[in-house]
Amino acid sequence: MENNKTWTKEEILNIYNKPLMELIFDAAQVHRLHHDPLKIQVSKLISIKTGGCPEDCGYCPQAARYHTNIEKNDLMPLNEVLAKAEAAKNTGSSRVCMGAAWRNVQDGKDFDQVIEMVKGLSAMNMEVCCTLGMVTENQATRLAEAGLHYYNHNIDTSEEYYKEVISTRGFNDRIKTLENVRKSSLKVCSGGIIGMGETVNDRIGMLMGLLKLSEAPESIPINALVPVEGTPMEEQEIVPIWDVVRMIATTRIVFPKSTVRLSAGRMQMSKEGQALCFMAGASSIFAGDKLLTTPNPGDNEDMQLFNLLGLTPTEKMKDETKVKIRKDNLPLIADEKIKWSRPGHSIEKNLKAAEKAKTIRKTAKENN
Ligand code: SF4
């Protein structure tokens, strides 16, 4: 995905530090230019191999060297992965992300099994993403040929702060994998985590790191740290929701076409806080009561929130949902099939209301 504008760190910092109401308003406007503001992609994250990772990411309970309470598991059987994905699809997910706690992908039996998983999920007409650690260009190409759409590899934070978080690999190793992924036909999913003790400068540095890639990532997850007992970050304070909103809004403005994903940490956020994140340009959440190893709101809770806010899950993410902007600056969604949804209203009632709104607008135009 092209980077349309060259940003300086100061420009991005100025955006991040704007009065919050201005920032949210600006981000919401950018969001409406490229995305349908009423659609949220619901994604299911399946941990296909849990724990025992040789890396030392300071936030991660899956690192073998930390004493955490997670249940370790070998690679999940294919039928189990497909069954979980099927169940997720039936509750509104259109995307599956498979995560394996590996340092890097190694060719062999396990990788062959992952390839079969990708083929199976892709045949279910779901968007498929994997996060398996470092990959070579050949491995990325094999995944793409099996039907994978996205590869996730987060840069986590700024290049400067990276060594405070992880010592077993460097920031440039991350970039190398992202470039390997980019050379295949896969789309790139890469973002970061806030609340790890980093400064605002580091948050902006993370965005600068993404801007330095040859192309902007099509997908950018923003995670709020979930401090887990036994990890070096267990004592970190929960990051304020206002910081999460600022980070999402800034990411939305700097990467207008990318999907910005409100990822880990939603259990720490109020419904109102999450609503502000959607307003500021987040258009994806992870569903299910567990996100790899940390707690996450249940499906019912999310659907209640969607109903309350008038949001609906994306059936299948389009690359760039076109949204026309009317002369009076109100968004007019190009896809006429999109259902207007208001809490407490049936779809029929919403459609009727939409028809009525059209008539009122037409009359107003004629009277002008
Ligand atoms: S984040 Fe990934 S690479 Fe780092 S310790 Fe956890 S599983 Fe391993």
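For every chain, the first residue of the written sequence is number 1, and numbering continues from 1 along that sequence. Owing to the predicted nature of the model, reporting of local features is limited to residues with pLDDT of at least 70; listing and counting of side-chain atom pairs is limited to 80 or more, with chain, interface and lining totals taken over all residues.

1. Some thoughts on the nonpolar core
Note on terminology: a nonpolar core is any set of buried Ala, Val, Leu, Ile, Met, Phe, Trp, Tyr and Cys residues joined through C-beta atoms within 7 Å. Counting other C-beta atoms within 10 Å of each residue's C-beta, where C-beta atoms are placed from the backbone, gives the exposure class: buried for 20 or more, exposed for 12 or fewer, partly exposed between. Counting residues in each nonpolar core, the largest one holds 87 residues, and the members touching the most others are Val96, Met98, Cys130, Tyr151, Leu225, Val244 and Ile248. Under the DSSP-based scheme used, a helix requires at least four consecutive residues in state H or I and a strand at least two consecutive residues in state E, with every element numbered from the N terminus. Examining the composition of this core, we find that 7 residues originate from one element, helix 9 (residues 241-254), more than from any other. Here contacts are defined at the residue level, using C-beta atoms placed from the backbone and a cut-off of 7 Å between them. Discounting residues that sit within four places of it in the chain, Leu225 has contacts with Tyr59, Ile193, Ile194, Gly195, Met196, Met233, Gln236, Val239 and Gly265.

2. A look at the site of the ligand
The immediate surroundings of the ligand are formed by Cys53, Glu55, Cys57, Cys60, Gln62, Ala63, Ala101 and Gly133. Gly is put with the polar residues, along with every residue not named as nonpolar or charged; the nonpolar set is Ala, Val, Leu, Ile, Met, Phe, Trp, Tyr, Cys and Pro, and the charged set is Asp, Glu, Lys and Arg. Counted by class, the shell around the ligand contains 5 nonpolar, 2 polar and 1 charged residues. Any residue qualifies as near a molecule or strand once its backbone-derived C-beta atom lies within 6 Å of it.

3. Considerations on the packing of helix 9 against helix 10 (residues 271-279)
Following both chains from N to C, one finds helix 9 and helix 10 inclined at 15°, their axes separated by 9 Å at the closest point. Considering their axes alone, helix 9 and helix 10 lie roughly parallel with respect to each other. Here the hand of the crossing between helix 9 and helix 10 comes out right-handed. In this structure, helix 9 contributes Ile241, Val244, Val245 and Ile248 to the contact, and helix 10 contributes Gly273, Leu276 and Cys277. The residue makeup of the contact of helix 9 with helix 10, split by class, is 6 nonpolar, 1 polar and no charged. Here an axis means a line fitted to C-alpha atoms, over the contact stretch when the element is a helix, while the angle between two N-to-C directions is reported on a 0 to 180 degree scale. For classification purposes, an angle smaller than 35 degrees is called roughly parallel, one larger than 145 roughly antiparallel, one from 65 to 115 roughly perpendicular, and anything else oblique. Helix crossings get a hand from a simple test, with the near helix turned counterclockwise from the far one by less than a right angle marking a left-handed crossing and a clockwise turn marking a right-handed one.

4. Considerations on the pairing of strand 9 (residues 282-287)
Across the 6 residues that make up strand 9, a large majority, 6, are buried. Here, a strand pair is defined by DSSP locating no fewer than two bridges between the strands. In the sheet, strand 1 (residues 39-49) pairs with strand 9 via 4 bridges, with the strands oriented parallel. Paired with Val42 across the bridge in strand 9 is Ile285. Bridge analysis of strand 8 (residues 259-262) against strand 9 gives 2 bridges, and the strand direction is parallel. Along strand 9, the bridge assignment pairs Leu262 with Ile285. You can see the chain leave strand 8, run along helix 10 and come back into strand 9, and the turn it takes is right-handed. We call a crossover right-handed when, viewed with the strands running away from us, the connection from the first strand over the helix to the second turns clockwise.

5. Here we look at the pairing of strand 2 (residues 95-100)
When you tally the buried positions in strand 2, you get 6 out of 6 residues, the bulk of the element. Of the two faces of strand 2, the one holding Arg95, Cys97 and Gly99 and the one holding Val96, Met98 and Ala100 are both buried throughout. Tracing the backbone out of strand 1, into helix 3 (residues 78-90) and back to the parallel element strand 2 gives a crossover that is right-handed. Bridging between strand 2 and strand 3 (residues 127-131) involves 5 bridges; their strand directions are parallel. Across the sheet, residue Cys97 finds its bridge partner in strand 3, namely Cys129. Where the polypeptide runs from strand 2 across helix 4 (residues 109-123) and back to strand 3, its parallel neighbour, the crossover connection is right-handed.

6. As for the confidence of the model for the protein chain
Known as pLDDT, the predictor's confidence for each residue is given on a scale from 0 to 100. The pLDDT averaged across the protein chain works out to 86; a share of 84% of its residues lies at or above 70. Contacts of residues 317-354 to residues separated by more than four positions or lying in other chains number 45 contacts, the stretch itself having pLDDT below 50.

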